[in-house]
Amino acid sequence: QLSLPDFMRGPGQAVNVPAAGEHLPLTLLSPGEVRRLSFVIRFDPALLEISAALPGSGLPADASLAIDRSVAGELRVSIASETAIAAGTVTLLDLVASVPATAPYGAQQILDIQQVSINAHSLPGVDRDGLHVVGYVGDANGNGTWERADVSLILHIATETDDEFAAWSRIDPLLVADIDADKRITFRDLAKISQSMNGVPWPEIPELPTGLPLTFAVPQAWPEQAVPWQSPPQIDFGANFAGFAIGSDDPRYRRNNWKTSFVTQLASRTISPNSHLQVTLEAAPQVTPSA
C-alpha cells in the first residue's frame, strides 16, 4: 500500500511532516517483492507546490527514479530496481512541498494517488490518499493567526468540554492541535501551543509566516436538514437495489475516496467522520413477490 499522511499547513509554510522532520514522506507497505513501481499523485497546484521528489530511506541504492512534473497538479513517478524493496513500511520518497502564499485559508484537498502499477501489474485500491488542510497548526478559531482565544478552544478539547473546533468542524481536530502526535489533545499539546504563541518556539509546531495578506476559502454548506415534520428516508441495505451511490460533501470522503476510512479516538469519545454520509438511490428497491 502506498500512503501519504494527513497534514495541516498554511500559506507560506513548508510541508514537513512531522514538522520537526524534513519533507512530506510517501511510504510503501511492502511485501518484500517490489522491484518495479509506478504511480501518479494528483493535487491542486493552487493549494500545494511539489518542487521535487527525493529518494526515501527505503529505496534501494541501485534503484532508478524517474519523476515527471510537466503537468501542473500532477506528479508521475516510476521506480525500477534490481534489488527488491525491503518488506515492511518504508519511506519510498520524500516530497519537497510547500503551500503557496496565495492559497485560500481553510481550503482542503485530497492528494490522490492513482494508476498504481507494481511489478508491471495494475493494482487499483492499494493506496491511502492524504488530506491537506490549508491552515496553521494551533489556529483553533480559523482566523489565520494565533491568539488567546485559540488556547481557550484547545483547552475545551483537552478537558472534553467540546469534541471539535467549530471553525474546522469538517476535519479531525487532531490535525489542528495534536502536537506530540499521540492521537490525543492533552495539556502537553496545549502548553506547547501556548508557549509558541508567546515566542517560545517548539520544533513540532511550524512557525507562522509574517506579512502575508491571507485570503479565506468560502466555506461549503452542509446539505439542508429535513424539516421537523418530514421523516428522513430510511434505507434497508438488506434489500436488493438496482443501483446506489455513496458519497459525502467532505472532500476526504468523496465517493472515489472510500478506499479508506478512520475513526479517531479522542480521550474517551469517539468522533466519526462519516456523520454526514449521503446515500443516493438511482432506482427504487426491487420488491421480491411473496410466495
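See the structure above.
Residues numbered from 1 in each chain as written. Predicted model: local features only at pLDDT ≥ 70, side-chain atom pairs only at ≥ 80, totals over all residues. Heavy atoms only, no water.

A. Spatial organisation of helix H1 (residues 148–158). Those residues of H1 not exposed but buried are Asp 150, Ile 154, Ile 157 and Ala 158. Within H1, the buried residues cover an arc of 95° as seen down the axis, which keeps them to one side. (Buried < 20%, exposed > 50% of the residue type's maximum accessible area, 1.4 Å probe, protein only. Helix = DSSP H or I, 4+ residues; strand = E, 2+ residues; numbered from the N terminus. Arc of directions from axis to C-beta.)

B. Broad picture of the environment of Leu 24. Residue placement: Leu 24 occurs in strand S3 (residues 24–30). Residue Leu 24 is classed as buried on the basis of its relative accessible area, which comes to 0%. Setting aside residues no more than four positions away along its own chain, Leu 24 makes contact with Leu 4, Pro 5, Phe 7, Val 15, Val 17, Leu 93, Asp 94, Leu 95 and Leu 111. (Contact = heavy atoms within 4.5 Å.)

C. Representation of unusual backbone geometry within the structure. For the bond from Val 17 to Pro 18, the omega torsion is -5°, close enough to zero to count as cis. Structurally, Pro 18 can be placed in the loop between strand S2 (7–8) and S3. Unlike most non-glycine residues, Ala 120 shows phi in positive territory, near 70°. Mapping Ala 120 onto the fold places it in the loop between strand S9 (108–118) and strand S10 (121–122). A relative accessible area of 51% places Ala 120 in the exposed class. Its identity as a non-glycine residue notwithstanding, Lys 183 has a phi of 70°, on the positive side. Along the chain, Lys 183 turns up in the loop between helix H2 (174–177) and helix H3 (187–197).

D. Summary view of the sheet that holds strand S8 (residues 88–98). Read across the open sheet, the 5 strands follow the order S5-S8-S3-S1-S11; overall the sheet is mixed. Where the open sheet ends on each side, the last strands, each with one partner, are strand S5 (49–55) and strand S11 (127–128). (Pairing = 2+ DSSP bridges.)

E. Broad picture of the pairing of strand S12 (residues 130–133). On S12, burial covers both faces: Gly 130 and His 132 on one face and Leu 131 and Val 133 on the other are all buried. Inspection of the sheet shows S2 paired to S12 by 2 bridges, in the parallel sense. Note that in S12 the partner of Met 8 across the bridge is Val 133. Bridge count for S9 against S12 is 4 bridges, and the pairing is antiparallel. Paired with Gln 108 across the two strands is Val 133, which belongs to S12.

F. Quick peek at the pairing of strand S7 (residues 74–80). Across 7 bridges, strand S4 (residues 36–42) lies against S7 in antiparallel orientation. Note that in S7 the partner of Leu 37 across the bridge is Ile 79. Across 5 bridges, the pairing between strand S6 (residues 64–68) and S7 is antiparallel. Bridge pairing in S7 places Asp 68 opposite Arg 76. If you look at the hairpin formed by S6 and S7, you'll find 5 residues sitting between the two strands, and Gly 73 has a positive phi there, around 75°.

G. Representation of the pattern of salt bridges in the model. This model, assessed by the stated rule, comprises 7 salt bridges. When the shortest N-O distance is used, the salt bridge between Asp 6 and Arg 128 registers 2.9 Å. Taken as a pair, Asp 6 in the loop between strand S1 (2–3) and S2 and Arg 128 in strand S11 lie far apart in primary sequence, 122 residues in all. Residue Glu 204 is joined to Lys 192 by a salt bridge in which the shortest nitrogen-to-oxygen separation is 3.1 Å. Here the residue Glu 204 occupies a position in the loop between H3 and strand S13 (244–247), and Lys 192 occupies one in helix H3, the gap between them amounting to 12 residues. Taking relative accessible area as the criterion, Glu 204 reaches 26% and is therefore assigned partly exposed. Overall, the relative accessible area of 17% leaves Lys 192 in the buried class. When salt bridges with common partners are traced through the structure, they connect Asp 180, Asp 182, Arg 184 and Arg 188 into a single cluster. (Salt bridge = Lys/Arg side-chain N within 4 Å of Asp/Glu carboxyl O.)

Coordinates in, geometry out; function isn't part of it.
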